Amino acid sequence: MNVDLNRNIFQDTWFLTGFLLAAVFTITILVGPMLAPFDPWDMSFTPISPPCAKHLLGINDGGQDIFSELLFAIRNTVFFGLTSGLVALGVGVIIGLVAGWFGGLIDMILMRLADVLLAIPAIMILILTAALFRPSPFMLSLILAGLMWPTISKTIRAQTLAKRECLHVKAAARIGGGNWYIIRRHLMPEMFPLYLIGFASKTRMAMFMEASLAFLGLFDPTRKSLGLMIAYAVKYYYMDIWWNWLFPPILCLSLLIMTLTFLAISLEKILDPRLKSVELLSG
Amino acid sequence: MKNLKKILVCKFALLMMLTLLGTASFTAHAQVDEIRIADSKGDWGYPNAYRHYPRGPGYVRMSWVYDTLIWKDEKGYIPALAKSWTYDPKLLSFIFELNQGIKWHDGKAFSSSDVVFTVEYFKKHPYGWVPMGDVSGAKAVGPNKVIIKLNRPYAPFLAYVGGVMPILPKHIWQNINDPKKCNDSKCFIGTGPYKFIDFNKAKGTYLYEAFNNYYQGKPKAKRLIYIKAGKPLMTLSTGKADLANIKPDMANALKKKGMIILKNARGWNKKLMINHRIAPFSSKRFRQALACAINQQEIIDKAHRGFGYPASFGLLSPDHEFYNPDTPTYIPNPAKAMEILESLGYKKDAKGFYIKDSQPLKVQILSSNITVAGDSVADRDGEVIKQQFEAVGIRVDLVNLEQATTDAKVKKWDFNLAISGHGGLLGDARILNRMINPKATGSVNSARFGANKKLLKLLKEQVSEMDVEKRRAIVYKIQEIYADEVPAISLYYPASMAAYNPKKGIKWYYTHGGIGLGIPISQNKMSLIK
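All of these numbers come straight from a predicted model, not from anything done at the bench.

Conventions used here
- Residues numbered from 1 in each chain as written.
- Chains lettered and ligands numbered in written order.
- Predicted model: local features only at pLDDT ≥ 70, side-chain atom pairs only at ≥ 80, totals over all residues.
- Helix = DSSP H or I, 4+ residues; strand = E, 2+ residues; numbered from the N terminus.
- Buried ≥ 20, exposed ≤ 12 C-beta atoms within 10 Å, placed from the backbone.
- Axes fitted to C-alpha atoms, helices over the stretch in contact; angles between N-to-C directions.
- Parallel < 35°, antiparallel > 145°, perpendicular 65-115°, else oblique.
- Left-handed = near helix turned anticlockwise from the far one by under 90°.
- Contact = placed C-beta atoms within 7 Å.
- Nonpolar A, V, L, I, M, F, W, Y, C, P; charged D, E, K, R; others polar.
- Pairing = 2+ DSSP bridges.
- pLDDT = per-residue confidence, 0-100.
- Domains from an automatic or database assignment.
- Core = buried A, V, L, I, M, F, W, Y, C linked by C-beta atoms within 7 Å.

Visitor: It is not clear to me how unusual backbone geometry should be interpreted in this structure. Could you clarify?
Guide: Trans is the common state for peptide bonds, and a negative phi is the common state for residues other than glycine. Residues and elements named next belong to chain B. A cis geometry characterises the amide bond from Ala 279 onward to Pro 280, with omega recorded as 0 degrees. Mapping Pro 280 onto the fold places it in the loop between strand S13 (269-274) and helix H8 (284-293). Here Trp 413, not a glycine, exhibits a phi torsion of approximately 60 degrees, which is positive. Among the secondary structure elements, Trp 413 is positioned in the loop between helix H12 (403-411) and strand S20 (417-422). Residue Trp 413 is classed as exposed on the basis of its 11 C-beta neighbours within 10 Å. The residue Val 486 is not glycine, and still its phi comes out positive at about 40 degrees. Note on placement: Val 486 falls in the loop between helix H15 (468-485) and strand S21 (488-494). When the 25 C-beta atoms within 10 Å are taken as the criterion, Val 486 is described as buried.

Below, the structure is given as structure tokens:
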């Protein structure tokens, strides 16, 4: 896992594209509310109006400015994804390290638990939970994280098992290094590249889930989301709204998912020796 | 030569006219292969009295299979199984002369004993759409005459029994003890113009086949098919369906494609259900505050782009013959709403929301997307009402639910406020009993309000009053009290439209007062008969 990240990463087209898109979205999320020309909940405009200088993407069926709505929707979708991704990563890393390092009964219990969770379709659990208990989006993102950690933990566990046999880890143990010391000082830092890949893939999945749940109408209908925007726009398929109302949230959701996919692919290519391209190696 | 030319031209013109007339008459009488009706929801249950869903489209699915004693067309009541009917006040009975030569779908002969049996069966196994409480019993006087005796004068008899009660075949149903569990094909044998062939619950499709021995004539289409299709513009334009409910803003595009557009009267209302059994909604003043906080026109403008009409707070539609034009109304007045809330002890917190005894005033609104004919629309009613309530200082938790879930919660009183809706507002004024009386069954949208004894008394009186003018006066009073009590708030009547393809030679229409109890759907079976 000794990779010169700085040297390789910026030569990769996938990473550069993903990085640029991520930068654009980060700016949008941070300054979105300031960029929004109108309150996205303000229903005082003429419904289903085409774009004009004042309303860049026009007005939706509820008399709301679509551009302002889009800016807030991106924030909500991304926050949901980031929360789920980060928590799933945290839980997955801890469980993977503990299972891999301690082994034995702990490993067996944790990995069987992971197997059970892997067998359950996350989307079904989310739909049922959202429909029956109506948790807040934050709580729902945590529930999703609770269903997504197993794949991360399995990867981390496998890597931990390999690292456990490394000489420097064995030496640390011989000279009296405690379990947590070794995990914290040797194992955790060395697996950093895996975290990025795991985080990117889980965040991507969570954002798509959030949009799906919102599309199904399982969130508060006043909460802005790319999925909800798509759901409303689709119902007016028979009007000429696809390019200014339906297309923007679909494009943003696709770009968000693509951003993380590009980053995940590039990081995987760079960090996984088996996937290193000849070009990168020569560079 | 000139004369010969003239004769030839005249002969040719005559021949052309005869050909055209011949074709026209052939078209009028020929049976088309099939008629397809599009429906966005699809599944409305099996088409018999005990298996259809308790909403209008479910009843309409059944109406193709089962005939009633009388029926309605675009002008009013018409004969069906009964060719004539009279009311005898001395006997307290309705007397029906039945048509002769009527057959059931299985070929057996229909007779007055089937009508007597049906009355008894519905008294023993209640059917929510036909309240039999005021019917004492029925007696056959020969094979073609039936007397239905009442317990007391019952003004809505024709609207609620004679014109709604599907007549069941005695030879089949006499052996069925649990009608709700009957799956057998014999449970769908009727005297209606169409035989029930198949229902696919998953796909939401229904298939009916013409009953060529139908006593009112051969149906105009060999097969009648309901398909589940949520995009009426596309289904009508591509010929996938011949009739569909449409959104008002689709009308122009469909007109250009040669479709006929039907516009219905105001017979369906979107309604805010109030759980008046729990505080603070049990307080009339609080409910009135909610009514003052609501701006009906704003809901129509913002959530429906102006396609709708503000509803009467007295429930009956302004198009109803018994509508009271002096029904109290609540002009949108946030200041008045706040004044009432403050008189009830609510005080505003720093954020401008009301609190009482340190508890925030927070209401939950269940929102669902139902509209006329059980269709679903992209609905922002909940959002607009939330804004209106929050503008006066009431916090709102808006919950979007599927219609069936909302219905179930309302039925179990497991809600604060719920946005729902129902039709029947153009039918008999007994709808007021059905939608107000706490003992009423058969509707998930009834306010079930029993707190005002005077209202209950009037409701009881209006159904017993056989004099039209006296009944009108009672119904006027009911609307006034209902509007004052606001046990539920009628929000608006959505603009209701349907479109059909005239190429099949079928003329569809909206029924006078709605099908059955007042269903505002343009699928009257008589369109395929006469």
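Visitor: Before we go on, may I ask you to explain the packing of helix H9 (residues 296-304) of chain B against helix H11 (residues 381-392) of chain B in this structure?
Guide: Each packed pair of helices is defined by two parameters, the angle between the axes and the distance between the axes. Residue and element names in this part refer to chain B. Running from N to C, H9 and H11 point in directions that differ by 135 degrees, and their axes come no closer than 9 Å. As judged from the angle between their axes, H9 and H11 are oblique. H9 and H11 meet at a crossing whose hand is right-handed. Residue-level contacts link Glu 298, Ile 299, Lys 302 and Ala 303 of H9 to Asp 381, Val 384, Ile 385 and Gln 388 of H11. Across the contact of H9 with H11, the residue classes break down as four nonpolar, one polar and three charged.

Visitor: It is not clear to me how the sheet that holds S13 of chain B should be interpreted in this structure. Could you clarify?
Guide: Across a sheet, paired strands are connected by hydrogen bonds in the backbone, their directions being either parallel or antiparallel. Residues and elements named next belong to chain B. Read from one edge to the other, the open sheet built from six strands follows the order S14-S21-S13-S20-S18-S19, with strand pairing classed as mixed. Edge positions in the sheet fall to strand S14 (308-310) and strand S19 (395-400), since each of these pairs with one other strand and no more. Sheet twist, expressed as the average angle between the axes of neighbouring strands with direction ignored, equals 25 degrees. Inspection of the sheet shows S13 paired to S20 by six bridges, in the antiparallel sense. Within the sheet, the bridge partner assigned to Lys 270 lies in S20 and is Gly 421. Where H12 meets the sheet, its contacts fall on S13, strand S18 (362-367) and S20, and the angle it forms with S20 comes to roughly 110 degrees.

Visitor: Would you mind showing me how to read the confidence of the model for chain B here?
Guide: Should the pLDDT be low somewhere, the predicted coordinates at that spot are not to be read in detail. All names here are of chain B. Considering every residue of chain B, the mean pLDDT works out to 90; 92% of them sit at 70 or more. A low-confidence stretch, residues 18-28 stays under pLDDT 50, and its non-local contacts, those more than four residues away or across chains, total two contacts. Interface predicted TM-score (ipTM) for the complex: 0.71; the corresponding pTM is 0.75.

Visitor: What should I look at first to understand the interface of chain B and chain A in this one?
Guide: A common measure of how large an interface is: the accessible area buried when the components associate. Taken together, the contacts link 17 residues of chain B with 16 residues of chain A. Those elements giving two or more residues to the side of chain B that touches chain A turn out to be H9, H11 and S19 of chain B. Per-element accounting of the side of chain B that touches chain A gives the leading share, five residues, to H11 of chain B. Along the lines of polarity and charge, the residues of the side of chain B that touches chain A split into seven nonpolar, four polar and six charged.

Visitor: Looking at this model, I keep getting lost on the environment of Leu 528 of chain B. Mind explaining?
Guide: Residue and element names in this part refer to chain B. On the secondary structure map, Leu 528 appears in the segment after strand S22 (497-500). Sequence separation of Leu 528 and Asn 99 is 429 residues, and the distance between their C-alpha atoms is 19 Å. Sequence-distant contacts of Leu 528, defined by excluding residues within four places in its chain, comprise Ile 35, Pro 193, Pro 219, Lys 220, Ala 221 and Ile 506.

Visitor: Would you mind showing me how to read the domain arrangement of chain B here?
Guide: Residue and element names in this part refer to chain B. Once the domains are mapped, chain B shows domain 1 (31-65 + 192-264 + 498-530), domain 2 (68-170) and domain 3 (269-494). Once you take the C-alpha centre of each, domain 2 and domain 3 turn out to be 35 Å apart. Counting from both sides, the interface comprises 10 residues of domain 2 and, opposite them, 10 residues of domain 3. A per-class count over the side of domain 2 that touches domain 3 returns eight nonpolar, one polar and one charged.

Visitor: Which parts of the structure should I look at to understand the sheet that holds strand S17 (residues 359-360) of chain B?
Guide: Residue and element names in this part refer to chain B. If you walk across this open sheet you meet the three strands as S15-S16-S17, and the pairing is antiparallel. Either end of the sheet is taken by a strand with one partner, and the two such strands are strand S15 (347-348) and S17. The sheet contact formed by S15 and strand S16 (residues 354-356) spans two bridges and is antiparallel. Looking across to S16, one finds that Lys 347 is bridged to Ile 355.

Visitor: Whenever I open this one, the nonpolar core confuses me. Can you help?
Guide: Inside soluble globular proteins, nonpolar side chains tend to come together where they are buried. Residues and elements named next belong to chain B. Leu 69, Val 130, Ala 244, Ala 498 and Ala 499 are the most contacted members of the largest nonpolar core, which totals 83 residues. At five residues, the largest contribution of residues to this core is made by helix H3 (residues 112-124). Both domain 1 (31-65 + 192-264 + 498-530) and domain 2 (68-170) contribute no fewer than three residues apiece to this core. Val 130 has contacts with Phe 122, Tyr 160, Val 161, Val 164 and Met 165, leaving out every residue within four places of it along the chain. Among the nonpolar cores identified, the runner-up in size contains 71 residues, and Phe 286, Ile 385, Ala 447 and Tyr 493 belong to it.

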